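# Overview (structure and organization)
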Amino acid sequence: MFTPENLRILQALSSQLLADLTNNRLAYSEQEMMDLQQVLRFHEYRYYVLNEPLISDGEYDRLFKALEACEQKNPTKITPDSPTQRVGSSLNGQFETVAHLVPMLSLDNSYNEADLIDFDRKAKGLVGLDSIDYSIEPKFDGASISLIYENNQLVRATTRGDGVAGDDITQNIKQIRSIPLSANFARYGLQTVEIRGEVIMNKKAFDGFNATLAASNLPPLANPRNAAAGALRMKDPREVAQRNLDAFLYHISYYTKLDDEAALHPAITTHSGMLDMLWDLGFRSPKKEKKAVTNIDAVVDYCLSFEAGRDDLPYEIDGMVIKVDNIALQEKMGMTSHHPRWAIAFKFKARQASTKLTSVEFQVGRTGAVTPVAKLQPVSVGGVTVSSISVHNEEYIKEKDLKIGDTVLIERAGDVIPQIVKSLAELRDGSEQSIVFPTHCPACNAPLSKEETEAVWRCNSNTCEAQVVEKIIHFVSKDALDIKSFGEANVRKFYELGLITDVPSIYSLDFERIGVLEGFGKKSIDNLQAALEASKKQPLYRLIYGLGIRFIGETTAKTLANAVDHLLDFATKTEADLLALEDVGVKVAKSIVDFFGDAQNIRLLQKLEALGLDLKNQKKAAPVGSTLSGQTFLFTGTLPTLKRSAAEQMAADLGGVIASGVSSKLNYLIVGEDAGSKLEKAKKINTIHIISEAEFIQLIESSKQ
Ligand code: IVH
């Protein structure tokens, strides 16, 4: 339908028209009217048929409104095929196509307070009222669906399609557990009901889904909307089920009554009442999220407060929808061919933007994995400037068909790291260049290799500087040794200046040399020294995690720490020994054996121990020889020198157990000032040792020997 040449011309025309609009240069001529029609048809096709928009909703709206204005000036020239005269375009035809009972319209958009006030003014004018009640709810960012219930049973579910007819996706929709297969509409006197809603994937499900993709070395999806829309079109309903989709139902577009003569149920006379009814019947309607208000100022307040809290929601929304609450009024106001006049969307700041991919850098991680990072012309996405984005691996680049010089569409969804949605290949002019993956390490020039089961290329050199720096950054990081005030920037700086060369060297820093560096006063040096000292006493699992052994995350590190008395004990463990541990699989076992089988790593650990790091498992090692192992302790009253929590920790460190009350099972009651009933109770049980804080400290000290 649109040849590549055509696409470029239309995109250029679209940009020209938008620029003319911005600069007030439109004459609203007949020629411009035709141009606008053509451009809008093109964008509708991109959006509704291909699901690949080239412009933002806001830009589309501006063009649409310009066409409406042109047509108002030239009313005799309006043709029936103008985008203002119809709903949507053709279908992509994978599933059986079925007509909606009522066309699925779009919404008109607003972007600020003034737009909303204007909407209210027009609405009041249309019905001749001084004030209108509104119902406001989130605009869910997913894929729209239409459901039909007949005699309380779900009989069909369809996608939006071109607005007039959509794809029959009943089987897939049935996988969404929040959609009831039957609902008692009869209770409200209804027979056939058509409901509109949005299928969404909440942020957590989306992150989980992307994590499973990553585990199989597959690239992540860009946003929950794509994940939901893609899921609805899958051929195998079981796969749909795995995506943990959800749905909000927010509109009843059509109904018939069981008894024509019967009065309408009051719930059906307002939009907010219908949301309550849907909720009552077991649907996930935005009952709790909606708000019914009596004036437009309250609408504005609610929209803005929701926008401010947007990131805290468990799902993505891209705006709010404001609807006239009274259904009789809605009917009076009617609709254009494109949208109802009784509703408007309030769009939040866009989180999608397009920009140029200027180059690709290859970064070497601590395990030697080489990750391509796309450098972008800086662009603001939802208030955050993005200038580089990971493009994961070679396959991802191929799949997204990325080239240097491409215009790419990027998106930031909630807290999700920005992703490239796609490259806009149709905007290429031939000067774009393929991204060539290096064969050698960009940092040390050692040849790269790739395991058959992996998508990642790796540098296997032990001396690769890039890996050394990344290893140090990981070692000092928060979840590892947590060496505060070190940080990534300082690691890089110190390494460049030759102040550190490997992990152990961070414990023999030349503070005099650091003292002369800019930004390093006495206070920051003191902090750094204290942080280094504190790190030597961190629990063993943090050190294990900090070593950055492949496949060893924090949880596995904890399991491993508990399995030995001293870190170097791993040098004598076999894969079979390790496999016996909980949650340790073949990959992890092999990785540990490899790590401890390498003499260089053993020397590194010995060096760290010599520098004062604790390689012993304090928790596990202590009770073995400790006379306090398994003994129970209880504290009462105010201790003269120790804090209660510190004293409890001292006992626990030696394998002691803190009791919850006085009983015959208690071994020691440590008594401070103003001891109360516990002491009285303990006196009656003669197996309990009643001791002072000083005696307790003595006990602790002697059990350490
Ligand atoms: S009402 C006739 N309410 O936004 C009224 N739409 O841009 C039809 N959407 O096609 C729509 N949340 O897919 C409505 N609470 C909500 C919505 C909502 C998301 C979607 C819907 C619609 C699109 C319009």
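Values in this document were obtained by computation on a predicted structure and should not be read as measured data.

Reading the values: the criteria
Residues numbered from 1 in each chain as written. Predicted model: local features only at pLDDT ≥ 70, side-chain atom pairs only at ≥ 80, totals over all residues. Heavy atoms only, no water. Near = heavy atom within 4 Å. Polar contact = N/O pair within 3.5 Å; in protein donor to acceptor, adjacent residues only side chain to side chain. Areas by Shrake-Rupley, 256 points an atom, 1.4 Å probe, with all protein chains shown as cover. Helix = DSSP H or I, 4+ residues; strand = E, 2+ residues; numbered from the N terminus. Pairing = 2+ DSSP bridges. Salt bridge = Lys/Arg side-chain N within 4 Å of Asp/Glu carboxyl O. Buried < 20%, exposed > 50% of the residue type's maximum accessible area, 1.4 Å probe, protein only. Right-handed = clockwise from strand over helix to strand, strands pointing away. Core = buried A, V, L, I, M, F, W, Y, C linked by side-chain atoms within 4.5 Å. Contact = heavy atoms within 4.5 Å. Arc of directions from axis to C-beta. Disulfide = S-S within 2.5 Å. Axes fitted to C-alpha atoms, helices over the stretch in contact; angles between N-to-C directions. Parallel < 35°, antiparallel > 145°, perpendicular 65-115°, else oblique. Left-handed = near helix turned anticlockwise from the far one by under 90°. Nonpolar A, V, L, I, M, F, W, Y, C, P; charged D, E, K, R; others polar.

This next bit is on the site of the ligand. The full set close to the ligand counts 13 residues, and E137, P138, F140, S144 and E198 are the nearest of them. A distance of 3.0 Å separates a nitrogen atom of the ligand from a polar atom in the backbone of P138. Calculation on the ligand without its partners gives an accessible area of 530 Å², and the protein chains cover 88% of this total. Going through the elements one at a time, β3 (134–140) and β10 (317–324) are the ones with two or more residues in the shell around the ligand. Examining the composition of the shell around the ligand, we find that 4 residues originate from one element, β3, more than from any other.

It is worth spelling out the sheet that holds strand β2 (residues 109–110) at this point. Overall, mixed pairing links the 5 strands, which are arranged β2-β11-β10-β3-β9 in an open sheet. Of all strands in the sheet, those with a lone pairing partner are β2 and β9 (291–293), marking the two edges. Pairing of β10 with strand β11 (residues 343–347) involves 5 bridges; the strand directions are antiparallel. Each bridged residue has a counterpart across the sheet, and for K323 the counterpart in β11 is A343.

Counted under the stated rule, the structure contains 32 salt bridges. K683 is paired through a salt bridge with E680; the nearest N and O atoms lie 3.8 Å apart. With a gap of 3 residues between them, K683 and E680 both fall in helix α24 (residues 677–683), about one helical turn apart. Under the relative-accessibility criterion, E680 is labelled partly exposed at 43%. A network of salt bridges, in which partner residues are shared, links E451, E454, R458 and R550.

With that out of the way, let us pick up the pairing of strand β23 (residues 668–671). Residues Y668 and I670 of β23 are buried on one face, and the alternating residues L669 and V671, pointing to the opposite face, are buried as well. Relative to β23, strand β21 (residues 632–636) is paired through 4 bridges, and the arrangement is parallel. Its bridge partner being in β23, F635 is matched across the sheet by I670. You can see the chain leave β23, run along α24 and come back into strand β24 (residues 689–691), and the turn it takes is right-handed.

What follows concerns the pairing of strand β14 (residues 384–390). Two strands pair when backbone bridges link them, and strand β13 (residues 369–381) and β14 are joined in this way by 6 bridges, in the antiparallel orientation. Within β14, the residue paired with V373 across the bridge is S390. Counting the residues that bridge the hairpin from β13 to β14 gives 2 residues, and of these G382 lies at a positive phi of roughly 55°.

F475, I483, F486, F494, I506, L543 and L567 are the most contacted members of the largest nonpolar core, which has 53 residues in total. Ranked by residue count, the leading element in this core is helix α13 (residues 465–476), at 6 residues. With sequence-adjacent residues up to four places away left out, I483 is seen in contact with F475, V476, I506, Y507, A531, L532 and S535. Counting 42 residues, the second largest nonpolar core, distinct from the first, contains A183, V199, I252 and L281.

On to helix α18 (residues 554–561). Inspection of α18 places T556, A557, L560 and A561 among the buried residues, and these make up the whole buried set. Seen from one end, α18 has its buried residues packed into an arc of 140°, which puts them on one side. Contacts made by the buried residues of α18 are with α17 (540–546), α19 (575–579) and α20 (586–596).

What follows deals with the state of the cysteines. Considering all chains together, one arrives at 0 disulfides under this definition. Its sulfur unpaired, C459 is 3.6 Å from the next cysteine sulfur, which belongs to C444. Of the residues examined, C459 reaches a relative accessible area of 2% and is grouped as buried.

Moving on, we come to the sheet that holds β24. The 4 strands lie next to each other as β22-β21-β23-β24, forming an open sheet whose pairing is parallel. Single-partner strands in this sheet number two, and they are β22 (657–658) and β24. Where helix α23 (residues 644–653) meets the sheet, its contacts fall on β21 and β22, and the angle it forms with β21 comes to roughly 170°.

Orientation of α13 relative to helix α14 (residues 487–496), taken along the N-to-C sense of each, is 140°, at an axis distance of 9 Å. Taken as axis vectors, α13 and α14 run oblique relative to one another. In this structure, α13 meets α14 at a crossing whose hand is right-handed. Each of E465, V468, V469, E470, I472, I473 and V476 in α13 lies in contact with α14, whose residues at this interface are G487, E488, V491, R492 and Y495. Among the residues forming the contact of α13 with α14, the class breakdown is 7 nonpolar, 1 polar and 4 charged.

Turning next to the packing of helix α4 (residues 113–127) against helix α10 (residues 296–308). Packing of α4 against α10 leaves a shortest axis separation of 10 Å and a crossing angle of 145°. Of the two possible hands of crossing, α4 and α10 adopt the one that is right-handed. Residues E113, L116, I117 and D120 of α4 pack against I296, V299, V300 and C303 of α10. Its residues assigned to classes, the contact of α4 with α10 shows 6 nonpolar, no polar and 2 charged.

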